[in-house]
Amino acid sequence: MKVTKAEAMGTCFGVRDAIEEAMDPKFKGNLTVIGQLVHNPQIVQRLKENGVKIVDSLNDVIDTPNVMITAHGAAQSVRLRAAEVGFKVYDATCPLVMRVHRAVEKLVEEDFYPVVIGQESHVEVRGIVTDLNEYTVILDESDFHKIADKPRIGIVSQTTQQITHVYPIVEKIKALKNPDGSAKEVKFVDTICKPTKDRQKAVHKLADEVDLMIVIGGYNSSNTKKLKKVCEDKGLEAYHIEKVSELNPEWFHNKKHVGITAGTSTPHWVIDEFYETVVEIGKSLEGSTPNKVASA
Ligand code: SF4
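The model shown is predicted, which means the values in this text are computed figures rather than measured ones.

K.L.:
Would you mind going over the site of the ligand with me for this structure?
P.N.:
Around the ligand there are 13 residues in total, and C12, C94, T159, C193 and P195 lie nearest to it. Judged by the fraction of its atoms near the pocket grid, the ligand is located in the largest cavity. If you list the elements that add at least two residues to the shell around the ligand, you get α1 (13–22), α4 (95–109) and α7 (194–207). At 3 residues, the largest contribution of residues to the shell around the ligand is made by α1.

K.L.:
Just to check I follow, could you spell out the nonpolar core for this structure?
P.N.:
The nonpolar side chains of soluble globular proteins are, as a tendency, buried together. Counting residues in each nonpolar core, the largest one holds 34 residues, and the members touching the most others are M213, I214, I216, L247, F252, I260 and V278. Contributions of two or more residues to this core are made by α7, β10 (212–216), α8 (222–233), β11 (238–241), β12 (257–262) and α9 (268–286). Among the elements that line this core, the one with the most residues is α9, at 7 residues. The residues contacting F252, other than those within four sequence positions of it, are M1, L212, I214, L247, V258, V278, I281 and L285.

K.L.:
Whenever I open this one, empty space enclosed by the protein confuses me. Can you help?
P.N.:
In this approach, a probe sized like a water molecule rolls over the atoms, and the result shows the empty space that is left. Under the definition given, this model contains 2 cavities of 30 Å³ or more. Quantified by volume, the largest cavity comes out at close to 230 Å³. What lines the largest cavity is a set of 24 residues, and nearest its centre among them are C12, V15, H72, T160 and T264. Mapped by element, the contributors of at least two residues to the lining of the largest cavity are α1, α4, α7 and α8. With 3 residues, α1 is the largest single contributor of residues to the lining of the largest cavity. Residues belonging to the lining of the largest cavity are distributed by class as follows: 11 nonpolar, 12 polar and 1 charged. Every residue lining the second largest cavity is listed: T196, R199, Q200, N223, L227, A262, G263 and T264. Contributions of two or more residues to the lining of the second largest cavity are made by α7 and α8. Among the elements that make up the lining of the second largest cavity, the one with the highest residue count is α7 (3 residues). When grouped by side-chain class, the residues that make up the lining of the second largest cavity number 2 nonpolar, 5 polar and 1 charged.

K.L.:
I'm lost on the domain arrangement of the protein in this one. Help?
P.N.:
One frequent convention defines the size of an interface as the accessible area lost when the parts assemble. Domain boundaries assigned for the protein yield domain 1 (2–10 + 195–286), domain 2 (13–94) and domain 3 (96–188). Inter-centroid distance (C-alpha atoms) of domain 2 to domain 3 is 28 Å. Counting from both sides, the interface comprises 12 residues of domain 2 and, opposite them, 10 residues of domain 3. Here domain 2 meets domain 3 over a buried area of about 810 Å², counting both sides, of which 62% is carbon and sulfur.

Cut-offs used in this document
- Residues numbered from 1 in each chain as written.
- Predicted model: local features only at pLDDT ≥ 70, side-chain atom pairs only at ≥ 80, totals over all residues.
- Heavy atoms only, no water.
- Near = heavy atom within 4 Å.
- 1 Å grid on protein atoms, 1.4 Å probe; cavity = no way out; pocket = protein on both sides within 12 Å on 5 of 7 lines; lining within 4 Å.
- Sits in = over half its atoms within 2 Å of the grid points.
- Helix = DSSP H or I, 4+ residues; strand = E, 2+ residues; numbered from the N terminus.
- Core = buried A, V, L, I, M, F, W, Y, C linked by side-chain atoms within 4.5 Å.
- Buried < 20%, exposed > 50% of the residue type's maximum accessible area, 1.4 Å probe, protein only.
- Contact = heavy atoms within 4.5 Å.
- Points joined across faces, edges and corners; volume = space filled by probe spheres on them.
- Nonpolar A, V, L, I, M, F, W, Y, C, P; charged D, E, K, R; others polar.
- Domains from an automatic or database assignment.
- Buried area = accessible area lost by both parts, 1.4 Å probe.

Set out below in structure tokens:
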């Protein structure tokens, strides 16, 4: 059984930098992260072992002098409130998330009505829209009625959305008409981040070559779910799992080529553990020597 890792997968620089900052020994026992720093259970466990506390929001009980904003970012009002309460605020917001915040600000300055393509409840989207006076979050076409009366629409996307989902929605919004029949003025700023695009392209490519895909990542990781969806849309058998102990040897029966990919929150040491285990499962099933392929 051949086992191949996707050409691009796993931890992106935004998540990696945030983890490194939180793991800094100077924070041992005196840092609270607001929200999940990464959607990965193994890293969250390591952070906790390192004395880092994690809460859902600023409204929770926080007994450390330092708080950290995650790579997903937060509204400026949240940063200011944390500082006003007396916390020292460390900001691990990914620069590519900050780019979305700036893009929306500029669109509003240019008098476009801000529209975000993404999941309304996702922490990144909450951070983007919370300080806006008016906005609409669109997940799919069923939300179009919310912008029917807006003549000038400025669109950005959550950084981890699928290209194949966002681009067609933008085209359909461009084709919408105002209630008086006139065309809408639509400006789109492509804010899907490059690591997400690279991972989506890599999974598309690998999905065409394998007969089973293992997708590694936290169950609450948005971009990991989307990697699995790419596979399912191609009719490929795929399993999204968090821990190596969840691998079921029965999945690999009669499989000749297995692909491995992982969301942007999954560290490479977790991917390596999966890879070695899948290779061992392949050996035990067939007694064959797997074809090792270098990771990205
Ligand atoms: S997924 Fe993209 S935007 Fe999010 S932390 Fe990683 S690089 Fe930054």
